[in-house]
There are 2 protein chains.
Amino acid sequence: MLRLQGEMIRGGTSKCWIFDHHEVVATGVDADTLLLAAYNAADPRQIDGVGGASSTTSKAAIVRRPAEPGIDVEYAFAQVGIGDERVEWTSNCGNCATAVALYAVHNGLVPITSDSTTVRMLNVNTGARLTGTIPTPGSTAPDEGTAAVPGTAALGVPVLLGFEDPAGTTTGRALPTGRALDTLIGPAGPAEVSLVDAGAPAALFEAKAFGLDGTESLTEFAEAVPALTVLRREAALAMGLADRNDPVSHAVPKVGVVARAASYRTTHGTLISQDEYDLAVRMVSMHAPHPAIGLTSAVALATAAAIPGTLAHSVARQTADGTLRLGTPAGVITAQAVPAPDGASPTVLLHRAARRIARAELLVPVLEGRPA
Amino acid sequence: MLRLQGEMIRGGTSKCWIFDHHEVVATGVDADTLLLAAYNAADPRQIDGVGGASSTTSKAAIVRRPAEPGIDVEYAFAQVGIGDERVEWTSNCGNCATAVALYAVHNGLVPITSDSTTVRMLNVNTGARLTGTIPTPGSTAPDEGTAAVPGTAALGVPVLLGFEDPAGTTTGRALPTGRALDTLIGPAGPAEVSLVDAGAPAALFEAKAFGLDGTESLTEFAEAVPALTVLRREAALAMGLADRNDPVSHAVPKVGVVARAASYRTTHGTLISQDEYDLAVRMVSMHAPHPAIGLTSAVALATAAAIPGTLAHSVARQTADGTLRLGTPAGVITAQAVPAPDGASPTVLLHRAARRIARAELLVPVLEGRPA
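None of these values were measured; they are calculated from a predicted model.

A. Looking closely at the overall build of chain A. Regarding its fold elements, chain A presents 7 helices and 21 strands. The C-alpha radius of gyration computed for chain A amounts to 20 Å, which stays within 12% of the reference 21 Å derived for 372 residues, consistent with globular compactness. Principal axes of the C-alpha set define a box for chain A whose edges measure 55 × 50 × 40 Å. For chain A, buried positions account for 56% of its 372 residues. When the accessible area of chain A is evaluated, it comes to approximately 14200 Å², of which 52% is carbon and sulfur surface. Within chain A, one finds 27 positive and 36 negative side-chain charges whose respective centroids are separated by 2 Å.

Right under this line is the structure:
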């Protein structure tokens, strides 16, 4: 039985385990084998491991001190399989990034020299650079806070999460096709789409193309998911993320619909008026409606809404300071695009929260290099 | 933020956190408040806590050294709410008892003096006495083992779990009504039932009364659950577990159907022939089919099958040594009723497995005596 130190941290609406790279190496087995066994990925209920048996609770980040200057922490994000002995290392997770930032201030990965500490992070999966700014009053790392995010009533330490120069991380361009508007062929014929790459590659359609107004409940929006799943594949091809011969990815690009703000009720029943937000959005997560929105998708939307000619720009309320309030099924999430120097694309800031749940020593059943 | 030491242990097909009573007391808040906050019971996804957001992964046991001789460990079992700020302290959990036994040998709650150690446990919720016998070769507590139980492919330390003198724990009698056969009025008219109390109070019907043969898949059996839910209430009244004015319990008594062994396929597709087991059983868990069977229900069945005149006795294959192989949706679970001295009811033995998953320090958000 291997031993592995880890911290269970809530970042936003995800539960992430954070591990130190050197501790992982010290176990003598590769990270995939270790995580599959630690989470009991083989079991759809993950009953023999620390996994939570849902996509938002079967996540890990492995952190290390960086090789390059200007970065405090490198992290690799892992989406650990559920009833599936595979670990996906292909994407970033903004919620886990907030957890990594909180971990960093608590574990000496960044010096705390004032009442506010900014952790500069590199996501090695995608090359994305992020910052997490955390209040450190009296130069101490906080365990408590009163910040909240849509999707949970729990409170935590406020983390201002910044996506630095997010445009083109995956493809090199904010608009991978060079156009703000493309047409893809879906199951119901041609559909206009804006293909953007910022935070994550995303294919954004207009809600009305699917007979929707963008304020639907999760159940109502679910009816459009099969068509959007087909279109996700077409978008991946158009953006150069996949070839026809590649297996179909259900994670890349992000896919969803946008619409003008209109009043709606959140999943928990709160009425949101059309004046309380700037852009209605309903995203897909794998094969189901996303209960809120992934943070990397929020970055894509904030970037798209700032580019004239995109569908997001055409329906979003424009604000003077780059603030974009996104109306999601869980509530309103506010993103702000802040001009960056040196020709970099605008930094996108998101107000998030994180909380350390537990510090643990995991007992990991690995036999002869394979999960037991 | 409160600190609380705990161990996450898989017991059979449940994931249980085990806490020490003195550590709980030392936090200065009551156990309900502490567990509700530690598990984030308020959230249906338990995203801000150590709960696993399912009934089998939102369990805890609080252990202490006993006040009375003849017992090594007392434990209180807690079923922590999911999207519901309540802790249920009304029942026992056999899977958590196996976890408690493994915790006890690892934490010095019982002396290890030979190659096998028996932990004598008292469940303070119900007054049930159990034993957990664990191999301790070389007088050391094991972390690894190759024992398996139906419902998970994971391996663990073998735990022979014994329910001591299980009859009448709740009501004082193995047959609370004094009869092996009763008739209750359900939604489709009168239904014969055997009401037994051993391990837990249970109401056992014949499958054919619901048009079933007892080998149904979970989906097929689900159609009988609404009727059985109504009958559970009638059984609770008949057994003296509730009055007409009491709120309806969805946990007490256990309710299910029995039938003669016949070949069937488990949920995972394994073919089980009629010779491989002795009694077909399909139980209800709250409002849904149980994926296997609760251990206390297995004790009730083993006891009922040994009492002439009960429905279980009439359809079970009788064996010479008290062994009863139960055919459940997840596979075959073997119980053995062993004669006990001094007029006590037969001890029921079950072969189970447990594994320590993690040792942790939990950070619990409690503000002013209430979950934050």
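B. Focus on the environment of alanine 76 of chain B. Residues and elements named next belong to chain B. Within the secondary structure layout, alanine 76 lies in strand β4 (residues 73–80). Linking alanine 76 and serine 273, residues 197 residues apart in sequence, is a C-alpha distance of 39 Å. Look past the residues within four positions of alanine 76 in its chain and what remains in contact with it is Ala60, Ala61, Ile62, Trp89, Val124 and Asn125.

C. Local environment of the state of the cysteines. Residue and element names in this part refer to chain A. With the rule as written, the count across this model stands at 2 disulfides over all chains. Each sulfur of the disulfide joining cysteine 16 and cysteine 96 lies 2.2 Å from the other. Disulfide cysteine 16-cysteine 96: torsion about the S-S bond near -90°, hence left-handed. Of this pair, cysteine 16 sits in strand β2 (residues 14–20) while cysteine 96 sits in helix α3 (residues 94–106), placing them 80 residues apart in sequence. For the residue pair cysteine 16 and cysteine 96, the accessibility class agrees, reading buried in each case. Free cysteine cysteine 93: the closest other cysteine sulfur is in cysteine 96, separated by 3.7 Å. Residue classification places cysteine 93 among the buried residues on the basis of a relative accessible area of 7%.

D. Representation of the pattern of salt bridges. Using the criterion set out here, one finds 29 salt bridges over all chains in the structure. Ionic pairing is found between arginine 120 of chain B and aspartate 72 of chain B, a salt bridge with its closest N-O pair at 3.1 Å. Linking arginine 120 of chain B in strand β6 (residues 116–123) with aspartate 72 of chain B in the loop between β3 (59–64) and β4, this pair joins segments that are 48 residues apart in sequence. A residue is classified by how much of its surface remains accessible, and aspartate 72 of chain B, at 11% relative accessible area, is buried. By sharing partners, the salt bridges in this structure join Arg3 and Glu361 of chain A together with Glu7, Asp143, Arg356 and Arg359 of chain B into a single network.

E. Focus on empty space enclosed by the protein. Enumeration over the complete set of coordinates arrives at 2 cavities of 30 Å³ or more. Taken as a whole, the largest cavity spans an internal volume of roughly 150 Å³. Put simply, the parts of the chain that give the lining of the largest cavity at least two residues each are β2 of chain A together with β2 (14–20) of chain B. Here the residues of the lining of the largest cavity are counted per class, giving 7 nonpolar, 6 polar and 3 charged. What the second largest cavity holds in volume is close to 30 Å³. Residue composition of the lining of the second largest cavity, by class: 3 nonpolar, 2 polar and 2 charged.

F. Structural detail: unusual backbone geometry. The residue after valine 252 of chain A, namely proline 253 of chain A, is reached through a cis peptide bond having omega -10°. Phi is positive for glutamine 46 of chain A, close to 45°, though the residue is something other than glycine. Structurally, glutamine 46 of chain A is set in the loop between α2 (31–39) and β3 (59–64). For glutamine 46 of chain A, a relative accessible area of 0% corresponds to the buried category. The backbone phi angle of aspartate 342 of chain B is positive, close to 65°, even though this residue is not glycine. Mapped onto the elements of the fold, aspartate 342 of chain B is located in the loop between β18 (331–338) and β19 (347–364). Residue classification places aspartate 342 of chain B among the exposed positions, given a relative accessible area of 81%.

G. Representation of the environment of alanine 174 of chain A within the structure. Residues and elements named next belong to chain A. Along the chain, the position of alanine 174 falls in the loop between β8 (157–164) and β9 (182–186). Exposure remark for alanine 174: the relative accessible area of 21% places this residue in the partly exposed category. C-alpha of alanine 174 to C-alpha of proline 201: the two residues are 27 residues apart in sequence and 8.8 Å apart in space. Leave out the neighbours within four places in its chain, and alanine 174 touches Ala167, Gly168, Leu195, Val196, Asp197 and Ile307.

H. Here's a closer look at the pairing of β3 of chain A. Residues and elements named next belong to chain A. Along β3, 5 of the 6 residues are buried, which leaves the element largely enclosed by surrounding structure. Pairing geometry for β2 and β3, over 5 bridges, is parallel. Directly across from tryptophan 17, in β3, lies its bridge partner alanine 60. Relative to strand β4 (residues 73–80), β3 runs antiparallel, the two being bridged by 6 bridges. Paired with alanine 61 across the bridge in β4 is phenylalanine 77.

I. Quick peek at the interface of chain A and chain B. Facing the 36 residues of chain A at the interface are 36 residues of chain B. Counting every contact that joins chain A to chain B gives 6 salt bridges. Between chain A and chain B we count 24 residue pairs in polar contact (both at pLDDT 80 or more) in total. Listed by contribution, the elements that provide at least two residues to the side of chain A that touches chain B are β1 (2–11), β2 and β19 (347–364) of chain A.

Criteria and thresholds
- Residues numbered from 1 in each chain as written.
- Chains lettered and ligands numbered in written order.
- Predicted model: local features only at pLDDT ≥ 70, side-chain atom pairs only at ≥ 80, totals over all residues.
- Heavy atoms only, no water.
- Helix = DSSP H or I, 4+ residues; strand = E, 2+ residues; numbered from the N terminus.
- Rg over C-alpha atoms; globule rule 2.2 N^0.38 Å.
- Buried < 20%, exposed > 50% of the residue type's maximum accessible area, 1.4 Å probe, protein only.
- Areas by Shrake-Rupley, 256 points an atom, 1.4 Å probe, with all protein chains shown as cover.
- Lys, Arg positive; Asp, Glu negative; His and termini not counted.
- Charge placed at Lys NZ, Arg CZ, Asp CG, Glu CD.
- Contact = heavy atoms within 4.5 Å.
- Disulfide = S-S within 2.5 Å.
- Salt bridge = Lys/Arg side-chain N within 4 Å of Asp/Glu carboxyl O.
- 1 Å grid on protein atoms, 1.4 Å probe; cavity = no way out; pocket = protein on both sides within 12 Å on 5 of 7 lines; lining within 4 Å.
- Points joined across faces, edges and corners; volume = space filled by probe spheres on them.
- Nonpolar A, V, L, I, M, F, W, Y, C, P; charged D, E, K, R; others polar.
- Pairing = 2+ DSSP bridges.
- Polar contact = N/O pair within 3.5 Å; in protein donor to acceptor, adjacent residues only side chain to side chain.

Shape is all these values report; function is a separate question.
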